Amino acid sequence: TSSSDEITVDGWVVVETDAGETKDVKLSDGSVVSMSDMSRLSYPTQFSEERRVVFNGKAFFDITPDPDHAFKVETIEAMVTVVGKNHSPMWLRGR
């Protein structure tokens, strides 16, 4: 569902949360990102060979396991890669 804080540009969805707002975003691979306020998430409408998102803010990532495709979260400061077969929840805070 689209709202005023979610736009799609060139096959990428951009979701932002305002002060005091939280949002759960389900990605095409079944992973869920629980965003805290003042956060921004960009992700492709459909993952291809690479499962990569761009994130700024604070969120809990509940990653769907896919042993053939690592899940990558790009922030201003680092690139976090989740590999393996296990369900991988993680907290991530980027600027």
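Located above this text is the structure these notes cover.
Concerning the overall build of the protein chain
Broken down by element type, the protein chain carries 0 helices and 10 strands. Along the chain direction, N to C, the helices and strands of the protein chain fall in the order β-β-β-β-β-β-β-β-β-β. The buried share of the protein chain, reckoned over its 95 residues, is 37%. Restricting the contact set of the protein chain to residue pairs at least 6 apart, pairs at least 24 apart contribute 34%.

A look at the pattern of salt bridges
Under the definition given, this model contains 5 salt bridges. Arg-51 is the partner of Asp-29 in a salt bridge, and the nearest nitrogen-oxygen pair spans 2.5 Å. Taken together, the residues span a long stretch of sequence, with Asp-29 in the loop between strand E3 (23-26) and strand E4 (32-35) and Arg-51 in strand E6 (residues 51-56) at a distance of 22 residues. Between Glu-50 and Lys-72 there is a salt bridge; the shortest N-O distance is 3.7 Å. Taken together, the residues Glu-50 in the loop between strand E5 (40-44) and E6 and Lys-72 in strand E8 (residues 71-74) connect sequence positions 22 residues apart. The class for Glu-50 is partly exposed, based on a relative accessible area of 39%. Residues joined in a network through salt bridges with shared partners are Glu-50, Arg-52, Lys-72 and Glu-74.

What counts and what doesn't
- Residues numbered from 1 in each chain as written.
- Predicted model: local features only at pLDDT ≥ 70, side-chain atom pairs only at ≥ 80, totals over all residues.
- Heavy atoms only, no water.
- Helix = DSSP H or I, 4+ residues; strand = E, 2+ residues; numbered from the N terminus.
- Buried < 20%, exposed > 50% of the residue type's maximum accessible area, 1.4 Å probe, protein only.
- Contact = heavy atoms within 4.5 Å.
- Salt bridge = Lys/Arg side-chain N within 4 Å of Asp/Glu carboxyl O.

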